[in-house]
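# Structural description and commentary
Listed below are the residues making up each chain.
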Amino acid sequence: MKHSILDERYGRLFAGLIAAGSFIGIIPPFQLMLEDGRGLVEALWQMLRPFTITTNLLIVIVFGSIAIRGAERVSALLIGAVMLAILLVGIIFNLVLGQILQLNWWTFLGDSLHHHIAPVAVPLWWLLYAPHGRLRWHAPLVWALYPLAYSAYSLVRAEFEPDSASRYPYFFMNVETLGWSGVLLNLAIIAVAFTAIGFLIVWLDRRLARGKRQSPETNDHKP
């Protein structure tokens, strides 16, 4: 029992550090927009454009709740959705988008927290401290609603944005250069990969839960 209580404390502390890191990572780009002369409302509106920022905001909320309330009181479906989303951020950024030219160490820190540290820290927390065995096989289909909703939001939003290079958040969503067929194909590929990884997560969750249930029995049979 003492060991489990200690694990919960470490899990809450780790979750709190993850939430704090994602929050700190939001500050540099937001500060940069304000320094460029944009008002508070305009800066907030622009910050809500990239999938990276919306996902890290979710990390702040979900992992902040874990730090305060404990993992058992936070929906496993919600935790899994956030983990899968930040995995998508890390994979697409590092394999497709590439590095971003940073102005100084402060913007470098923010970029690193969002694109490199969070995509590793969140799955690591899930492996070590998440209560396993609570996910069901339909979970990936529910998780897919978030990137689908974001895609719809981004494409509708782009129709009301002034013509500029930043109208679309990512090049693979640029209707002007790729056309609707190209964009929808790209999004379909991402959705399939997202859902496939989601099913892998559910499978792993069940394996980890089985391993924890069997370990006491194994110990009981030791001489």
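Owing to the predicted nature of the structure, the values given are computational and were not obtained by experimental measurement.

### A closer look at the overall build of the protein chain
Of the regular secondary structure elements, the protein chain holds 8 helices and 0 strands. Counted from the first residue to the last, the protein chain has its helices and strands arranged as α-α-α-α-α-α-α-α. With 223 residues in all, the protein chain has 40% of them scored as buried. Across the protein chain, contacts joining residues at least 24 apart in sequence account for 72% of those joining residues at least 6 apart. Of the roughly 12800 Å² of accessible surface on the protein chain, 69% is carried by carbon and sulfur atoms.

### Some details on the side chain of His115
Along the chain, His115 turns up in helix H5 (residues 105-129). In terms of polar contacts, His115 uses its side chain to reach the side chain of Asp111, at 2.6 Å.

### Considering the nonpolar core
Side chains of a nonpolar character, in soluble globular proteins, are inclined to be buried together. Ile59, Phe63, Ile66, Trp125, Trp126 and Trp143 are the most contacted members of the largest nonpolar core, which has 44 residues in total. Those elements giving two or more residues to this core turn out to be helix H1 (2-35), helix H3 (51-69), helix H4 (76-97), H5, helix H6 (139-143), helix H7 (145-160) and helix H8 (175-220). For this core, the leading source of residues is H4, giving 11 residues. Setting aside residues no more than four positions away along its own chain, Trp125 makes contact with Gly11, Phe14, Ala15, Ile18, Phe63, Ile66, Ala71, Ile79 and Ala130. The next biggest cluster of nonpolar side chains, apart from the first, holds 5 residues, and it includes Ile26, Ala43, Met47 and Ile53.

### What to know about the packing of H3 against H4
Between H3 and H4, the least distance of the axes is 10 Å, while the angle of their chain directions is 145°. Crossing geometry of H3 relative to H4 is assigned as left-handed. Within the contact between the two elements, H3 uses Phe51, Thr52, Thr55, Asn56, Leu58, Ile59, Val62, Phe63 and Ile66 and H4 uses Leu78, Ile79, Val82, Ala85, Ile86, Leu88 and Val89. Partitioning the contact of H3 with H4 into residue classes produces 13 nonpolar, 3 polar and no charged.

### So, helix H2 (residues 40-47)
Looking at H2, one finds that the buried residues are Ala43, Gln46 and Met47. Buried residues of H2, seen end-on, are gathered within an arc of 100° and therefore sit on one face of the element.

### Looking at a nonpolar patch on the surface
Taken together, the side chains of Leu124, Leu127, Leu128, Trp137, Leu141, Phe199, Leu200, Trp203 and Leu204 define a hydrophobic patch exposed on the protein surface, amounting to about 850 Å² of accessible area. Of all the elements in the fold, those that place two or more residues in the nonpolar patch are H5 and H8. It is H8 that provides the largest number of residues to the nonpolar patch, a total of 4 residues. Positionally, Leu204 belongs in helix H8.

Rules used in this analysis
Residues numbered from 1 in each chain as written. Predicted model: local features only at pLDDT ≥ 70, side-chain atom pairs only at ≥ 80, totals over all residues. Heavy atoms only, no water. Helix = DSSP H or I, 4+ residues; strand = E, 2+ residues; numbered from the N terminus. Buried < 20%, exposed > 50% of the residue type's maximum accessible area, 1.4 Å probe, protein only. Contact = heavy atoms within 4.5 Å. Areas by Shrake-Rupley, 256 points an atom, 1.4 Å probe, with all protein chains shown as cover. Polar contact = N/O pair within 3.5 Å; in protein donor to acceptor, adjacent residues only side chain to side chain. Core = buried A, V, L, I, M, F, W, Y, C linked by side-chain atoms within 4.5 Å. Axes fitted to C-alpha atoms, helices over the stretch in contact; angles between N-to-C directions. Left-handed = near helix turned anticlockwise from the far one by under 90°. Nonpolar A, V, L, I, M, F, W, Y, C, P; charged D, E, K, R; others polar. Arc of directions from axis to C-beta. Patch = residues over 30% accessible without salt bridge, like charges linked within 9 Å, V, L, I, M, F, W, Y side chains within 5 Å. Salt bridge = Lys/Arg side-chain N within 4 Å of Asp/Glu carboxyl O.

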